[in-house]
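For reference, the chains in residue letters:
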Amino acid sequence: MGLTASPDLTVDIGGLTLKNPVMTASGTFGYAREFAPFMDLSRLGAIIVKGISLKPRPGNPPPRIVEIACGMLNAIGLENVGVERFIADKMPYLRRLDTPVIVNVLGETVEEYGEIARRLSGVPGVAALEVNISCPNVQKGGVAFGSDPAAAAKVTATAKKNCALPVMVKLSPNVTDIAAIAKAVEDAGADSISLINTLLAMAVDINSRRPKLANVMGGLSGPAIKPIAVRMVYQASRAVKIPVIGIGGVTTADDALEFIIAGASAVQLGTASFRDAAAAAKVLDGIDGWLRQQGIASVAGLIGSLRLD
Amino acid sequence: MLQETCRVIRLERLSADTWHLFLAAPGITARVHAGQFVMAAVGAGYDPLLRRPFSVHFAEGDDLILYFRVVGKGTEMLASLHPGDRLSLLGPLGKGFKLTEGLAILVGGGIGIAPLLLLAKELADGNNPAAAIILAGRTKAEVTPLAASFQPWTKNLIFATDDGSFGIRGRADEAVASLPPMPGAVVYTCGPQPMLRAIAHFCRDHKMKCQVSVESAMACGMGACLGCARPAARPAEGGGYVHVCLDGPVFDAEALPWD
Ligand SMILES: Cc1cc2nc3c(=O)[nH]c(=O)nc-3n(C[C@H](O)[C@H](O)[C@H](O)COP(=O)(O)OP(=O)(O)OC[C@H]3O[C@@H](n4cnc5c(N)ncnc54)[C@H](O)[C@@H]3O)c2cc1C
Ligand SMILES: Cc1cc2nc3c(=O)[nH]c(=O)nc-3n(C[C@H](O)[C@H](O)[C@H](O)COP(=O)(O)O)c2cc1C
Ligand code: FES
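Residues numbered from 1 in each chain as written. Chains lettered and ligands numbered in written order. Predicted model: local features only at pLDDT ≥ 70, side-chain atom pairs only at ≥ 80, totals over all residues. Heavy atoms only, no water.

Undergrad: So what about the overall build of chain A? Which residues, and what values?
TA: If you tally the helices and strands in chain A, you get 9 helices and 16 strands. The C-alpha extent of chain A, read off along each of the three principal axes, is 55 × 50 × 40 Å. The 309 residues of chain A split such that 61% are buried. Pairs at least 24 apart in sequence give 72% of the contacts found in chain A among residues at least 6 apart. Carbon and sulfur atoms provide 53% of the accessible area of chain A, an area that totals close to 11600 Å². Distance from the positive charge centre (30 side chains) to the negative charge centre (27 side chains) of chain A: 4 Å. (Helix = DSSP H or I, 4+ residues; strand = E, 2+ residues; numbered from the N terminus. Buried < 20%, exposed > 50% of the residue type's maximum accessible area, 1.4 Å probe, protein only. Contact = heavy atoms within 4.5 Å. Areas by Shrake-Rupley, 256 points an atom, 1.4 Å probe, with all protein chains shown as cover. Lys, Arg positive; Asp, Glu negative; His and termini not counted. Charge placed at Lys NZ, Arg CZ, Asp CG, Glu CD.)

Structure follows, in structure tokens:
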């Protein structure tokens, strides 16, 4: 075994073909420019930027992050410069990259999701939207929409109606029936779904008896959540026909391949980039190397190839 | 900014819980300025998961020195490194001290002494050696091991200990207050929050410029996570926070609230 030819790494993620299945997750890769010293950004399958809202948001009071065993909690609270400054200040750099830029968006109301989708539609360099209905760290919007199939469908349909871009909907793991939400979002017109966002979690300082995060609760990410994410990707991908993007603890090529075999068409790296700023490039190299070693010609053939016999 | 795999040259125990770690880090050493920091990837596994921030204590030639205190899992692992081991550093990160004209007074408390040694050297290299350096700690055992490395950079090295076992008895801010008046002097300081607050107030009352190096929890150290927020004194447009890893860790004291 062993192929000498380069494996075909291209994947379809619903209205968008990526040169490979490795993306960077929203909120963990800044606006990409921060990582230019560590890798050729144009090698990435796609870049997903920090969540953007209609108006600037200051974010939550500190402490906003705390480390736990094999993971971290964050309650950033979607600090961002707002869509107008994002377009004016961040897009000029991003659109020059030879990589699709996917903009993660969040609204407090269904109407806001529509408005921000309309504003980003047609902005040069924006390849798709990732509609965040799963942020656990904001009072309004976010997971409030992601935990109810009808509300999730409404946000999806509104985003679709207001832009000509492919729409990826980012789902929350903080639900009992992920298949029902995935199905509702697909029926409402989503081009793809991505999951999981962080798991609602908490940590307490025993000496002060206070929560370790000022926001009391936060979202758990990192290697600790990977098995839950793999399970949910498996369930969601069985429920829908649209592509599913796997997120949650991806740190190595093996992690990425695990998601792909379980049903993901592509993956996103989040927390891993904090430990190793070049992690995404290494995962990409590792996937390529594994495919060669296994004599597998294309990554697309691996998607959902889980054996249950 | 780079991610550099550094070689451990040696570790030196200075007191019960403080250490010097000598590393060969030519890339970062060539670029670093006083007050900047590095993120060290301690351990090889997933726990600890995140890199740990440390000020650059000193840098010369290829050698970079960290001065650290063991407080938990990550720093314990740092203290058990061996010569020849590898350690990945991300850096240099953040905005360091701005060397400005005027007499320089350096004030470090506890492990906050860390960024001041490189600053003392840079000031001396710029022909403005520190007019005074105050090193404050809990006990004599904690501060005396630092005397030799600071001595070459100033004519006025002052120690202060909580228990009075060495130098002045009292806190760093009390030691600052005991200095003769130095018109136009600039105070550069790093240490525990109550000490920084007292020094910021003292400088405001005496119309002295003051630069402080502060801490926060950090995940990335480079502006990607927005986890290192601290309230700003004057909220800028769109946000009431500064980000320690990007806007700091060194700030003009008046950029932060102290009350
Ligand atoms: C910009 C910057 C520069 C720094 N420079 C230095 C330096 O030069 N030398 C140095 O020794 N340390 C420095 N620190 C602090 C250092 O990063 C922490 O002490 C370290 O991350 C602790 O890691 P750990 O795994 O050992 O502790 P953890 O296991 O993470 O924590 C153990 C215990 O220590 C407490 N703790 C965590 N961080 C701190 C902290 N910053 N101060 C006091 N207690 C803490 C925790 O709350 C917990 O109770 C710096 C921090 C920042 C943000
Ligand atoms: C610091 C931080 C900030 C995040 N910000 C966002 C965000 O703005 N929008 C979003 O949809 N997800 C956000 N996330 C969630 C990640 O995109 C990802 O779904 C999650 O971290 C799980 O992946 P991981 O385990 O690889 O980190 C954030 C995560 C972290 C750790
Ligand atoms: S530590 Fe991540 S932005 Fe400052």
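Undergrad: Run through the site of ligand 1, naming residues and quoting values.
TA: Residues and elements named next belong to chain B. Neighbouring ligand 1 are 18 residues, the closest being Arg 52, Pro 53, Gly 74, Thr 75 and Glu 215. Within the backbone of Gly 72, an N or O atom sits 3.1 Å from an oxygen atom of ligand 1. Note that an oxygen atom of ligand 1 is positioned 3.4 Å from one of the backbone N or O atoms of Lys 73. With the chains in place, 67% of the 890 Å² that ligand 1 exposes on its own is no longer accessible. (Near = heavy atom within 4 Å. Polar contact = N/O pair within 3.5 Å; in protein donor to acceptor, adjacent residues only side chain to side chain.)

Undergrad: Lay out the site of ligand 2 with the relevant residues and their values.
TA: As a structural note, the neighbourhood of ligand 2 is formed by 24 residues, with Ser 26, Lys 170, Gly 222, Gly 249 and Thr 271 of chain A the closest of them. The site occupied by ligand 2 is bordered by residues of chains A and B. Contact between ligand 2 and Asn 132 of chain A: an oxygen atom at 3.1 Å from a side-chain N or O atom of the residue. Within the backbone of Gly 222 of chain A, an N or O atom sits 2.8 Å from an oxygen atom of ligand 2. Considered on its own, ligand 2 offers 610 Å² of accessible surface; in the complex 98% of this is hidden by protein.

Undergrad: So, empty space enclosed by the protein: which residues are in play, and what are the values?
TA: Residues and elements named next belong to chain A. One pass over the structure, following the stated rule, counts 2 cavities of 30 Å³ or more. The computed volume of the largest cavity comes to approximately 450 Å³. Ser 26, Thr 28, Asn 74, Asn 197 and Thr 198 are the residues nearest the centre of the largest cavity, which is lined by 34 residues in total. Only β4 (46-52), β6 (71-74) and β14 (217-221) provide two or more residues apiece to the lining of the largest cavity. Tallied by class, residues from the lining of the largest cavity come to 14 nonpolar, 18 polar and 2 charged. Space inside the second largest cavity adds up to approximately 30 Å³. Around the second largest cavity sit Ile 13, Gly 14, Leu 16, Ala 128, Leu 129, Pro 166, Val 167, Met 168 and Ser 192, which together line it. Looking at the lining of the second largest cavity, the elements that each hand over two or more residues are β8 (126-132) and β9 (167-170). When the residues that make up the lining of the second largest cavity are grouped by side-chain class, the tally is 7 nonpolar, 2 polar and no charged. (1 Å grid on protein atoms, 1.4 Å probe; cavity = no way out; pocket = protein on both sides within 12 Å on 5 of 7 lines; lining within 4 Å. Points joined across faces, edges and corners; volume = space filled by probe spheres on them. Nonpolar A, V, L, I, M, F, W, Y, C, P; charged D, E, K, R; others polar.)

Undergrad: Lay out the sheet that holds strand β11 (residues 199-202) of chain A with the relevant residues and their values.
TA: Residue and element names in this part refer to chain A. Strand order in the open sheet formed by 4 strands is β5-β6-β14-β11, with antiparallel pairing between adjacent strands. The open sheet is flanked by β5 (65-68) and β11, the only strands paired with a single partner. This sheet shows a mean twist of 40 degrees between the axes of neighbouring strands, independent of strand direction. The pairing of β5 with β6 spans 4 bridges and is classified as antiparallel. In the strand pairing of β6, Val 66 is matched with Leu 73. (Pairing = 2+ DSSP bridges. Axes fitted to C-alpha atoms, helices over the stretch in contact; angles between N-to-C directions.)

Undergrad: Tell me about the pairing of β6 of chain A, and name the residues and values.
TA: Residue and element names in this part refer to chain A. Here β6 shows two buried faces, one formed by Gly 71 and Leu 73 and the other by Met 72 and Asn 74. Taking the residues that link successive antiparallel strands as the turn, the β5-β6 hairpin has 2 residues, and the phi of Cys 70 there is positive, at about 60 degrees. Direction of pairing for β6 relative to β14: antiparallel, over a ladder of 3 bridges. Opposite Asn 74, over in β14, you have Gly 219 as the bridge partner.

Undergrad: Which residues make up unusual backbone geometry, and what values go with them?
TA: Geometrically, the link from Leu 195 of chain A to Ile 196 of chain A is a cis peptide bond, its omega value of 15 degrees lying close to zero. Of note, Ile 196 of chain A is situated in the loop between β10 (192-195) and β11. Even without glycine at this site, Asn 127 of chain B takes up a positive phi of about 60 degrees. Tracing the chain through its elements places Asn 127 of chain B in the loop between α3 (116-125) and β9 (132-137).

Undergrad: Pulling in residues and values, what's your account of the environment of Ala 182 of chain A?
TA: Residue and element names in this part refer to chain A. With respect to the helices, strands and loops of the structure, Ala 182 is situated in helix α5 (residues 178-187). According to the relative accessible area criterion, Ala 182 is buried, its value standing at 0%. Each C-alpha atom of the pair Ala 182 and Ala 150 lies 11 Å from the other, and the pair is 32 residues apart in sequence.

Undergrad: How would you sum up the pattern of salt bridges? Please name residues and give values.
TA: Residues and elements named next belong to chain B. All chains considered together, the criterion is met by 25 salt bridges over all chains. With a closest N to O distance of 2.9 Å, Asp 173 and Arg 171 form a salt bridge. With relative accessibility at 46%, the residue Arg 171 sits in the partly exposed group. Where salt bridges share partners, they join Asp 17, Arg 69, Arg 138 and Glu 142 into one cluster. (Salt bridge = Lys/Arg side-chain N within 4 Å of Asp/Glu carboxyl O.)

Undergrad: Kindly report on the side chain of Lys 226 of chain A, identifying the contributing residues and their values.
TA: All names here are of chain A. Inspection of the secondary structure puts Lys 226 in helix α6 (residues 226-239). At 2.7 Å, the side chain of Lys 226 and the side chain of Asp 255 are in polar contact. Residue contacts for Lys 226: discarding those within four places in its chain leaves Gly 248, Gly 249, Asp 255, Glu 258 and Phe 259.

Undergrad: Just give me the short version of the domain arrangement of chain B, but keep the residues and values in it.
TA: Residue and element names in this part refer to chain B. The domains assigned to chain B are domain 1 (2-93) and domain 2 (104-215). If you average the C-alpha positions of domain 1 and of domain 2, the two centres end up 23 Å apart. Contacts between the two partners involve 18 residues from domain 1 and, on the opposite side, 17 residues from domain 2. A combined buried area of about 1500 Å² lies between domain 1 and domain 2, and 64% of that area is made up of carbon and sulfur atoms. Interface area lost by domain 1 to domain 2 is led by His 57, Tyr 67 and Arg 69, which between them contribute 38%. (Domains from an automatic or database assignment. Buried area = accessible area lost by both parts, 1.4 Å probe.)

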